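Letter by letter, the chains look like this.
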Amino acid sequence: MFADYTWTELGSIFAMQGFAGLILFSVFVLMALGLAIIFGQMGVINMAHGEFMILGAYVTYLCSNFFQAFLPGLFSIYFFIAMALAFVAAGALGAFVEWALIRHLYKRPLDTLLATWGLSLIMQQAYRSIFGAREVGVTLPDWLLGSIALTDIIEIPINGLFVMALTLVIAVGVYFLMFKSRMGMQTRAVVQNRVMAGAVGINTEWVDRKTYALGCGIAGIAGSAFTMIGSTGPTAGQLYIVDTFLIVVFGGAASLLGTIASSFAISQAQSTMEFFLSGSMAKVLTLLTVVGILMLRPEGLFSHKIRR
Amino acid sequence: MNNKSELKGPTASRRGLILGTATAFALSAFSQIGFPSAAHADDVNTTGLAVTEDTVKVGILHSVTGTMAISETGSVQAEKLAIEQINAMGGVLGRQIEYTQEDGASDWPTFAEKAKKLLVNDKVAAVFGCWTSASRKAVLPVFEQYNGMLYYPTFYEGLEQSPNVIYTGQEATQQIIAGIDWVAKEKGAKSFYLLGSDYIWPRTSNKIARKHIEKLGLKVVGEEYYPLGHTQFNSVINKIKLKKPDVIYAIVVGGSNVAFYKQLKAAGIDMTKEKPVLLTISVTEDEIRGIGGENITGAYAAMKYFQSLDNPNNEAFVKAFKERWGDDIVIGDVTQAAYLGPWLWKAAVEKAGSFDIDKVRLASPGIELTTAPEGYVRVHENHHLWSKTRVGLAKPDGQYELVYETADLMEPDPFPEGYQ
């Protein structure tokens, strides 16, 4: 396969390929973080995760139209405002859904699966009714398009860099929120022992709502960022949901670090195999590997070591 | 109760017969003084279809919900427009067309169920519908069992020819061969990288493409398929960069399309440059709306229709379409093909002088449409259309600019040699 190429060419391609793997890693982390928070911390299987992402994408779409029409001077920075709004919109909807639907089902975790799946169908049809069945095109500011050419072959996509930076910021933010802040402490307390947490004065209902909203909000940001690399349509959320669950389950549901580790493992495996094999085959092999490892470690890569 | 109905039956039919005869007399009298002849319902419909003295019922069967709604909406709009226009011109054999619309909901068994409902319960005289090959394959046995007539609008992989289907889109060889000939001749292309979503249409199409490329003495340097809905193309883009093909031949569909073109552009593959040339058969103006014109500028598409075609038929069609469905609408290849369906059916019914499926089928080959927005089309013996293939260049505004069209109509060849 490589006989016809010079070493420089091969070196460049492997550098590019490594970078492609890192971009995929960032995309996976961004997709999965919101779900991992909700699934891991609350035990709720949020099948509507993809639709919360697409809510963020549609918010970005509306923002881009708004800025083009009314504030063309600020168009180059609209993306940041769109992401903030996407977080707020998806988070607010998440809080509402938690209040209206999820909190009634905490004692029946499997029913949340059905309820959130229904919610995802409702949201899809709502998008279809509001925005139309066709995909919408989100106009991006020029500085987010194109690539930086390092050499003749090595070209780094700017939107890939952007996603990587964004993922880093969000991951660090989530780390501080969950492990260094009062809210995180309360959340972890509720996860570990709900009754006890309530007894020491933590408003567990409020913590649940905030956690759910946070997960949905991060999904919104992810959706907003993915307008750079993917499609925005009523059912586009479905494109991400399988990978997202795969990552969270593989990483170990209760561990955010596990989510990151599993994103890394799956993204590297997939992008390497895609390079050497064909796309569909790479997917099959990735899934087989994941199934194999999950058979050996049903809890996923990282699990809490607690005696049950 | 039983008794009563037995008594009622013959009386009713006798009354019907008398009434019918009277009408027939009246009508034949009219026709003698130059009134458009509207034959008696029984004469033009011997198989119990939903045809009355002044109406005929047809079915529209597309997904308006689910994943495929994005693609099929345009076809529904085109079919309704054609039906309305035909009605405004006086209908078919003097009968106004009424349509029953069913939703296939992007679910293939639902398509089959709804097709059965249209044929058995509604007794429609023709169905305009389906989009994906999977939905067509699902309804095919239903149409063949209950002897219905389906007008199928999408360009597709071929390898099929049913007496109960008229294929108004191009089959694979029509779309592919002319496009590859063009890119080899005009762009001096020597090497091709074939890429597609992983299902029957892209795979069959690429098989035909590969065969033709090799016949021309050119080289295929890569062939790859990605699962439907795949959103990460960076690895394959790297491979393309390594192999440096003259042509990227892309048959990616659906949401993947958007991801593919955005990432291609982000990776610095500039399609407006001399090389590589990107040639696609899967991106119509409809898809460009989701992709964004700026992300696909410079790509070439080989198909039979572009909204920008400059001819009086198309001008009138685009104007009528926009008046009916809104100014910001775009019209892609399949939408135009869907528009042909009702017109081809009308022509066949009028040639046959009957709504009977068997007679319409016999009358269909040889039907010509000089008013088609794409220009002139003719129905082949094999139920596909003779049509021209065109190559368009994608522009930032989301439209294609016509750069080439075949001099002659391309003959449809759904069973190319070596594929059976």
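Looking up chain B in an unreviewed UniProt entry gives the name Urea ABC transporter substrate-binding protein, with the organism given as Roseibium polysiphoniae.

An unreviewed UniProt entry lists chain A under the name Urea ABC transporter permease subunit UrtB, with Roseibium polysiphoniae given as the organism. Note on chain A: under the UniProt heading Sequence similarities (unreviewed entry), the record states "Belongs to the binding-protein-dependent transport system permease family. LivHM subfamily." UniProt lists a comment for chain A under the heading Subcellular location (unreviewed entry), and it reads "Cell membrane".

Student: Before we move on, can you summarise the domain arrangement of chain B with the specific residues and values?
Tutor: Residue and element names in this part refer to chain B. One can read the domain layout of chain B as domain 1 (43–169 + 312–386) and domain 2 (172–303 + 390–405). Centre-to-centre separation of domain 1 and domain 2, based on C-alpha positions: 29 Å. Taken together, the contact between domain 1 and domain 2 spans 14 residues of the former and 13 residues of the latter. Broken down by secondary-structure element, the contributors of at least two residues to the side of domain 1 that touches domain 2 are helix H3 (69–88) and helix H13 (333–352). With 3 residues, the top contributor of residues to the side of domain 1 that touches domain 2 is H13. Residue classes in the side of domain 1 that touches domain 2 are distributed as 6 nonpolar, 6 polar and 2 charged.

Student: Account for the sheet that holds strand E12 (residues 377–379) of chain B, naming residues and giving values.
Tutor: Residue and element names in this part refer to chain B. Pairing within the open sheet is antiparallel, and its 3 strands lie in the order E11-E12-E13. Edge strands, defined here as strands with exactly one partner in the open sheet, are strand E11 (368–369) and strand E13 (385–386). Note that E12 and E13 share 2 bridges and pair antiparallel. Looking at the pairing, Val379 lines up with Leu385 of E13.

Student: An account of the UniProt feature "transmembrane region" (unreviewed entry) in chain A is requested, with residue identities and associated values reported.
Tutor: The UniProt record annotates "transmembrane region" (unreviewed entry) at residues 20–40, 52–71, 77–101, 153–178, 212–233, 245–266 and 275–296 of chain A. Structurally, residues 275–296 of chain A comprises 91% helix and 0% strand, and the distance from its first C-alpha atom to its last is 28 Å.

Student: Residues and numbers for helix H1 (residues 7–42) of chain A, please.
Tutor: All names here are of chain A. In this model H1 runs 51 Å from its N-terminal to its C-terminal C-alpha over 36 residues, within 8% of the 52 Å that 1.5 Å per residue would give. Along H1, the helix axis deviates most sharply at Ala32, where the bend reaches about 35°. With 27 of 36 residues buried, H1 is to be regarded as a mostly interior element. Where H1 terminates, the next one or two residues include Gly43, which has phi positive at roughly 75°.

Student: Could you give an account of unusual backbone geometry, naming the residues involved and the relevant values?
Tutor: Look at the link from B:Lys275 to B:Pro276: it is a cis peptide, with omega at 0°. The phi dihedral of B:Leu159 falls on the positive side, at around 60°, and the residue is not glycine.

Student: Explain the nonpolar core to me, and be specific about the residues and the numbers.
Tutor: In terms of nonpolar packing, the biggest core is built from 203 residues, with B:Val127, B:Tyr249 and B:Leu344 touching the most fellow members. For this core, the element with the most residues is H1(A), which contributes 20 residues. No fewer than three residues from each of domain 1 (43–169 + 312–386) and domain 2 (172–303 + 390–405) of chain B sit in this core. Other than its neighbours up to four places away in sequence, B:Tyr249 contacts B:Phe192, B:Tyr193, B:Leu194, B:Leu195, B:Ala209 and B:Leu279.

Student: How would you sum up the sheet that holds strand E8 (residues 247–251) of chain B? Please name residues and give values.
Tutor: Residues and elements named next belong to chain B. What the 7 strands build is an open sheet, ordered E7-E6-E8-E9-E10-E14-E15; its pairing is mixed. What marks the edges here is a single partner per strand, and that holds for strand E7 (219–226) and strand E15 (400–405). On average, adjacent strands in this sheet sit at an angle of 25° to one another, irrespective of strand direction. Pairing geometry for strand E9 (residues 277–280) and strand E10 (residues 300–303), over 2 bridges, is parallel.

Student: Which residues make up the interface of chain A and chain B, and what are the values?
Tutor: In this complex, chain A contributes 42 residues to the contact, which on the side of chain B involves 35 residues. Among the elements of the structure, H1, helix H4 (109–131), strand E1 (147–149), strand E2 (155–157), helix H5 (158–179), helix H10 (256–276) and helix H11 (279–296) of chain A are those that each provide at least two residues to the side of chain A that touches chain B. Looking at the side of chain A that touches chain B, the element that brings in the most residues is H1(A), giving 8 residues. The residue inventory of the side of chain A that touches chain B, partitioned by class, reads 19 nonpolar, 16 polar and 7 charged.

Rules of the game
- Residues numbered from 1 in each chain as written.
- Chains lettered and ligands numbered in written order.
- Predicted model: local features only at pLDDT ≥ 70, side-chain atom pairs only at ≥ 80, totals over all residues.
- UniProt positions renumbered as here; feature names shortened; annotations may be inferred.
- Domains from an automatic or database assignment.
- Contact = placed C-beta atoms within 7 Å.
- Helix = DSSP H or I, 4+ residues; strand = E, 2+ residues; numbered from the N terminus.
- Nonpolar A, V, L, I, M, F, W, Y, C, P; charged D, E, K, R; others polar.
- Pairing = 2+ DSSP bridges.
- Expected span 1.5 Å × (residues − 1).
- Bend = angle between axes of the 7 residues up to and from the residue.
- Buried ≥ 20, exposed ≤ 12 C-beta atoms within 10 Å, placed from the backbone.
- Core = buried A, V, L, I, M, F, W, Y, C linked by C-beta atoms within 7 Å.
- Axes fitted to C-alpha atoms, helices over the stretch in contact; angles between N-to-C directions.

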